[in-house]
Amino acid sequence: MTTMYTHTTQGAAKGSLRLLQLYPRDMNIYGDWGNTLVLARRAQWHGYDVELLSYDPGEDLPDEVHLLVGGGGQDSGQERIQTDLAARGPELRAWAADGVPMLVICGLYQLFGHRFLTAEGSEIPGIGLLDAQTVAGRERLIGNISLDTPDLGRVVGYENHSGLTTLGPGARPFGTVLGEGAGNNGSDGTEGGRVHHVIGTYLHGSLLPKNPAVADWLLARAVEQAGLTWEGEDLDDTWARNARRVAGTRPR
Ligand code: GLN
């Protein structure tokens, strides 16, 4: 565990949140780091102090994590973390069951499921935190994508994966693909997976700068996890709204 950043307000903060970025060295592509930056910054704007930690293979997991974020990676990155992730699986599953909010993108979304079968036919085992499994497809599924979600409104992002993911009955989709876009597998119209307070999704982008409702939902769950009551501020999201509008009108 390494401390990446600490923010302490001058005045009285509403509380302090501990964020953990999982495997930033190997699983952090296509701007996924932006998700962590947004969470840290919006937490401050909402009046909460932030301690941002990172975890790479072989380190100690910190205690009392209030919010966990993980990004995507190439198959090679997934192979590099698989042994460590398998060892951490029981702790991460216990955190999720305890209500720790988590956002995992693409490669880590796949490995939070049961397994990823690569194009070479090898299996990278996942930790089964999400009831999902992934098989490499023949083509890459790339492009702008919008989703309708049951409780977080319209979500916009950019997908780039070859894995085809199928959810089992223990997971519910993050959203339904609107218009063009592949989502989990290009055939059942679903995108991403959710269980407890965990969101797994293929959407890079970064996701959160254009989807502040998702960021604030994660932060509200983190605040509850810290034993506090969420008291969000009314933030000016003009930039995010403009980015959403532009992203939502781009061709696939
Ligand atoms: N290797 C995985 C795939 O292509 C994950 C890719 C990613 O994380 N962007 O399906």
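Residues numbered from 1 in each chain as written. Predicted model: local features only at pLDDT ≥ 70, side-chain atom pairs only at ≥ 80, totals over all residues. Heavy atoms only, no water.

K.L.:
How should I be thinking about the layout of surface pockets in this particular structure?
P.N.:
Empty pockets left among the atoms are what a rolling probe the size of a water molecule brings to light. Empty space within the largest pocket amounts to approximately 160 Å³. Around the largest pocket, the lining residues are Val38, Arg41, Arg42, Trp45, Leu208, Pro209, Pro212, Asp236, Asp237, Thr238, Trp239 and Ala240. Every element with two or more residues in the lining of the largest pocket is listed here: helix H1 (33-45) and helix H5 (238-249). Here the lining of the largest pocket takes 4 residues from H1, the largest share from any one element. Counted by class, the lining of the largest pocket contains 7 nonpolar, 1 polar and 4 charged residues. (1 Å grid on protein atoms, 1.4 Å probe; cavity = no way out; pocket = protein on both sides within 12 Å on 5 of 7 lines; lining within 4 Å. Points joined across faces, edges and corners; volume = space filled by probe spheres on them. Helix = DSSP H or I, 4+ residues; strand = E, 2+ residues; numbered from the N terminus. Nonpolar A, V, L, I, M, F, W, Y, C, P; charged D, E, K, R; others polar.)

K.L.:
Would you mind going over the pairing of strand S5 (residues 102-105) with me for this structure?
P.N.:
The side chains of a regular strand alternate, first on one face of the sheet and then on the other. Because side chains alternate across S5, one face comprises the buried residues Met102 and Val104, and the other comprises Leu103 and Ile105, equally buried. Of the pairings in the sheet, the one linking strand S4 (residues 67-70) to S5 comprises 3 bridges and is parallel in character. Bridge pairing in S5 places Leu68 opposite Met102. This β-α-β element, S4 to helix H2 (residues 75-97) to S5, shows right-handed connectivity. In this sheet, strand S13 (residues 198-201) lies alongside S5 in parallel orientation, the contact comprising 4 bridges. (Buried < 20%, exposed > 50% of the residue type's maximum accessible area, 1.4 Å probe, protein only. Pairing = 2+ DSSP bridges. Right-handed = clockwise from strand over helix to strand, strands pointing away.)

K.L.:
Just to check I follow, could you spell out unusual backbone geometry for this structure?
P.N.:
For residues other than glycine, phi is negative in most cases, and the peptide bonds are mostly trans. In this structure, Ser206 follows Gly205 across a cis peptide bond, with omega equal to -5°. Along the chain, Ser206 falls in the loop between strand S14 (203-204) and helix H4 (212-225). Unusually for a residue other than glycine, Cys106 sits at a positive phi of about 50°. Among the secondary structure elements, Cys106 is positioned in helix H3 (residues 106-112).

K.L.:
Hey, could you run me through the pattern of salt bridges in this one?
P.N.:
Scanning the model with the defined rule gives 9 salt bridges in all. Between Arg42 and Asp216 there is a salt bridge, with its nearest N and O atoms 2.9 Å apart. Separated by 174 residues along the polypeptide, Arg42 in helix H1 and Asp216 in helix H4 bring together distant segments of the chain. Taken individually, Arg42 and Asp216 each receive the classification buried, so the pair is uniform in this respect. Between Glu91 and Arg88 there is a salt bridge, with its nearest N and O atoms 2.9 Å apart. Remark: Arg88 and Glu91 occur in helix H2; sequence separation between them is 3 residues, near one turn of the helix. A single salt-bridge network, built from bridges that share partners, covers Arg42, Asp216 and Asp237. (Salt bridge = Lys/Arg side-chain N within 4 Å of Asp/Glu carboxyl O.)

K.L.:
Looking at this model, I keep getting lost on the side chain of Asp26. Mind explaining?
P.N.:
Residue position: Asp26 is located in the loop between strand S2 (16-22) and H1. Among the polar contacts made by the side chain of Asp26, one reaches the side chain of Arg80 at a distance of 2.8 Å. Residues contacting Asp26, with those up to four places away along its chain left out, are Pro57, Gly72, Gly73, Gly77, Arg80 and Ile81. (Polar contact = N/O pair within 3.5 Å; in protein donor to acceptor, adjacent residues only side chain to side chain. Contact = heavy atoms within 4.5 Å.)

K.L.:
Would you mind going over the site of the ligand with me for this structure?
P.N.:
Taken together, 15 residues lie around the ligand, and Asp75, Cys106, Gly107, Gln110 and Gly163 are the ones closest in. Between the ligand and Gln110 there is a distance of 2.9 Å, counted from an oxygen atom to a side-chain nitrogen or oxygen. Taking Ser162, its main chain carries an N or O atom lying 3.1 Å from an oxygen atom of the ligand. Starting from 300 Å² of accessible surface for the ligand in isolation, the protein chains cover 99%. With 4 residues, the single largest contributor to the shell around the ligand is strand S9 (residues 153-167). (Near = heavy atom within 4 Å. Areas by Shrake-Rupley, 256 points an atom, 1.4 Å probe, with all protein chains shown as cover.)

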